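Letter by letter, the chains look like this.
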Amino acid sequence: MALNIGIVGLPNVGKSTLFNALTRAQNAKAENFPFCTIEPNTAVVPVPDPRLAVLAGMVHPQNVVNATVEFVDIAGLVRGASKGEGLGNKFLANVRDANAILEVVRCFDDPDVVHVEGSVDPTRDVAIIEGELLLADLEALEGRLSRISKLAKVDPKARPECEIVEALRAHLESGAPVRTFPRHDDDLLADTLREGRFLTDKKVIYVANVDEAGISGGNAHEAALRALAEASGSDCVRICAAVEQDMAGLSDAERAEFLSSYGIAESGLDAIVRTGYHTLGLASFLTAGPKEVRAWTFRRGWKAPKCAGVIHGDFERGFIRARVVRYEDFVEHGGELKCRELGLVREEGKDYEMQDGDMVEFLFNV
């Protein structure tokens, strides 16, 4: 499973600059004027994982495959986008399949960089964006309610679903996002939420885009955004998109030296991927052999058979057991052979809950 992150924000807050920096490409237009992004920009990039290089140095595979993350950068939203202001909200359809939304918020003052609202105010900007996301969800839900209510008049079996959709509409009309709608063990509700792909049901990661002066210690704007994020139970990442873009063409060694000069330990990509994995409860198990060393993404709490299905459906259907060794043990003892001698290779069954960094071989029969 690949991590998919949609990038949203007001126009001219650094979304496209950040997209270019994260993907180490110049695919998105980044100019000092609103709406320089028209068509959505999409890129798939490898998830940084230093463990893979260590394993490759030990087993010398033909190929090394990182887990991946897909970023989708869409046109900026403005106040009234749901009513057609700016470029409207038509591009939001491109992030409905995202696992999480990266909300880029301007957290720096610069009179030479135009702000569509005329001033820098992270709290106000977040309210505008999230209000437009909510209105887009409400618009989509109204269409569904129109269809299901007509059906409910002639088919009593459709009435329970109609009631759920009506309750969800009332929840949105109160100004509350879908993610705060009361959850209960109801298949109809689960189906409604899954099929709706509601924007306000997704996890949000706030990105405080600061200037160079705020890159190591932040500023008052970032503090306001971080407080808002904490109040909503969301994660917040501080990034200077301009500095990140300056690193796009550097080697790994040059990038590390560049980051050190600013007093920061990780790149924006590292910080966002790490935060995205935390926000969504994701982790990686590893496979290593002469053909390939690879990281596979799974959700924390998944059992061994479901994780086997990440590799191939036949692995899950015919699951017998998983042969597991901790990455740390594998590296410390120089490989699988010594780990076997020390009894560190375990045979795990269907109830085993996979852990981050597990090195695994699945045994299956179909």
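Residue indices follow the written sequence of each chain, beginning from 1 at its first position. For this predicted model, a pLDDT threshold of at least 70 governs which residues receive local features, and a threshold of 80 or more governs which side-chain atom pairs are given and counted, while totals over whole chains, interfaces and linings are taken from all residues. Processing note: side-chain calculations cover all non-hydrogen atoms of the structure and skip hydrogens and water entirely.

Engineer: How should I be thinking about the overall build of the protein in this particular structure?
Structural biologist: The helix and strand inventory of the protein stands at 13 helices and 12 strands. Atoms counted for the radius of gyration: C-alpha only. Globule rule: 2.2 Å times the number of residues to the power 0.38. The C-alpha atoms of the protein give 23 Å as radius of gyration, which agrees with the globular expectation for 366 residues (21 Å, within 12%). If you line up the protein on its principal axes, its C-alpha atoms span 65 × 65 × 35 Å. Pairs at least 24 apart in sequence give 67% of the contacts found in the protein among residues at least 6 apart. Each accessible area is a Shrake-Rupley estimate made with a 1.4 Å probe; only the visible protein chains count as cover when residues are assessed. Surface summary for the protein: the accessible area is close to 17,400 Å², and the carbon and sulfur share equals 50%. When charges are tallied, Lys and Arg are placed among the positive residues and Asp and Glu among the negative ones, while His and the ends of the chain are skipped. To locate a charge, the coordinates of NZ of Lys, CZ of Arg, CG of Asp or CD of Glu are taken. Side-chain charges of the protein comprise 41 positive and 57 negative groups, with the mean position of each set lying 6 Å from the other. Per the convention used, a helix needs a DSSP run of H or I reaching at least four residues, while a strand needs a run of E reaching at least two, with both numbered from the N terminus. Any two residues whose heavy atoms approach within 4.5 Å at even a single point are treated as in contact.

Engineer: Mind showing me how you'd approach the side chain of Glu222 here?
Structural biologist: Along the polypeptide, Glu222 turns up in helix H6 (residues 220-232). Not counting chain neighbours up to four residues away, the residues in contact with Glu222 comprise Cys107, Ala208, Val210 and Arg238.

Engineer: Is there a simple way to think about the packing of aromatic side chains in this case?
Structural biologist: Given two aromatic rings, their pairing is described by the distance between the two centres and the angle made by the two planes. Only the six-membered ring of Trp is used, alongside the rings of Phe and Tyr, when aromatic pairs are assigned; centres must lie within 6.5 Å, and planes under 30 degrees apart are stacked while those over 60 apart are edge-to-face, with the rest tilted. Within this structure, the stated rule accounts for six aromatic pairs. Summarising the aromatic geometry, the rings of Phe258 and Tyr262 are spaced 5.4 Å apart at their centres and angled 50° between planes, so their arrangement reads as tilted. Taking the relative accessible area as the measure of exposure, Phe258 reaches 22% and is therefore partly exposed. Clustering of aromatic rings is evident, with ring pairs tying together Phe285, Trp296, Phe298, Phe319 and Phe362. Remark: a charge is flagged as sitting over a ring if the NZ atom of Lys or the CZ atom of Arg is within 6 Å of the ring centre and within 35 degrees of the ring normal. Here the basic side chain of Arg294 rests over the ring of Trp296, its NZ or CZ set 4.0 Å away from the ring centre. When the ring centre of Trp302 is taken as origin, the NZ or CZ atom of Lys306, which lies over that ring, is 4.8 Å away. Working definition: with a 1.4 Å probe on protein chains only, accessible area under 20% of the residue-type maximum means buried, over 50% means exposed, and in between means partly exposed.

Engineer: What is the right way to read the sheet that holds strand E6 (residues 203-209) from this model?
Structural biologist: Hydrogen bonds between backbone atoms are what pair the strands of a sheet, whose relative direction is either parallel or antiparallel. DSSP-based pairing: two strands are paired if at least 2 bridges between them are found. The sheet built from six strands is open, its strands ordered E2-E4-E1-E5-E6-E7 with mixed pairing. Of all strands in the sheet, those bounded by a partner on one side alone are strand E2 (41-46) and strand E7 (235-239). Geometrically, the sheet is characterised by an average inter-axis angle of 25° between neighbouring strands, direction not taken into account. On the sheet, helix H3 (residues 122-154) packs against strand E1 (3-8), strand E5 (100-106) and E6 and is oriented at approximately 145° with respect to E5. As a rule, the C-alpha atoms of each element are fitted with a line to give its axis, helices using only the stretch in contact, and angles between N-to-C directions run from 0 to 180 degrees.

Engineer: For this particular structure, what's the right way to read the packing of helix H4 (residues 159-173) against helix H5 (residues 187-196)?
Structural biologist: How two helices pack is summed up by the angle between their axes together with the distance between the axes. Between H4 and H5, the least distance of the axes is 10 Å, while the angle of their chain directions is 55°. Taken together, the axis directions place H4 and H5 in an arrangement best described as oblique. Here the hand of the crossing between H4 and H5 comes out right-handed. Contacts between H4 and H5 pair Pro160, Glu161, Ile164, Val165 and Leu168 from the former with Leu188, Leu189, Thr192 and Leu193 from the latter. Polar here means any residue outside two lists: the nonpolar Ala, Val, Leu, Ile, Met, Phe, Trp, Tyr, Cys and Pro, and the charged Asp, Glu, Lys and Arg; Gly therefore counts as polar. Across the contact of H4 with H5, the residue classes break down as seven nonpolar, one polar and one charged. For classification purposes, an angle smaller than 35 degrees is called roughly parallel, one larger than 145 roughly antiparallel, one from 65 to 115 roughly perpendicular, and anything else oblique. For any helix crossing, the convention is left-handed if the near helix is rotated counterclockwise from the far helix by under a right angle, and right-handed if that rotation is clockwise.

Engineer: Please clarify how the state of the cysteines should be interpreted in this entry.
Structural biologist: Simply put, the disulfide is a covalent bond whose two ends are the sulfur atoms of two cysteines. Disulfide assignment relies on a single distance test, namely cysteine sulfur atoms paired within 2.5 Å. Within this structure, the stated rule accounts for zero disulfides. Cys107 carries a free sulfur, and the closest cysteine sulfur to it, the one in Cys236, is 7.2 Å from it.

Engineer: Just to check I follow, could you spell out the nonpolar core for this structure?
Structural biologist: Nonpolar side chains tend toward joint burial in soluble globular proteins. Only buried residues count toward a nonpolar core, which is a set of Ala, Val, Leu, Ile, Met, Phe, Trp, Tyr and Cys residues joined through side-chain atoms within 4.5 Å. Formed by 54 residues in total, the largest nonpolar core has its most connected members in Leu18, Leu22, Val69, Phe71, Leu92, Leu102 and Ile272. Top element by residues in this core is helix H9 (residues 268-280). It accounts for six residues. In terms of nonpolar packing, the next biggest core, distinct from the first, is built from 17 residues, Cys162, Ile164, Leu189 and Phe198 among them.

Engineer: Honestly, unusual backbone geometry in this entry has me stumped. Any pointers?
Structural biologist: Excluding glycine, most residues fall at negative phi; most peptide bonds, likewise, are trans. We note that Asn12 has phi near 65°; this positive angle belongs to a residue other than glycine. With respect to the element layout, Asn12 can be found in the loop between E1 and helix H1 (15-23).

Engineer: For this particular structure, what's the right way to read the pattern of salt bridges?
Structural biologist: When the charged atoms of two side chains with opposite charge come close together, those side chains can pair. Each reported salt bridge corresponds to a side-chain nitrogen of Lys or Arg within 4 Å of a carboxyl oxygen of Asp or Glu. The final tally for this structure, using the stated rule, is 25 salt bridges. Lys15 is the partner of Asp73 in a salt bridge, and the nearest nitrogen-oxygen pair spans 3.0 Å. With Asp73 in strand E4 (residues 68-73) and Lys15 in helix H1, the pair connects residues that are 58 residues apart, well separated along the chain. Residue class for Asp73 comes out buried when judged on its relative accessible area of 0%. Notably, a salt bridge pairs Asp329 with Arg326, separated by 3.2 Å at the nearest N-O pair. Since its relative accessible area comes to 12%, Asp329 is described here as buried. Judged by its relative accessible area of 37%, Arg326 is partly exposed. One connected set of salt bridges, linked through shared partners, spans Arg321, Arg323, Glu347 and Glu361.

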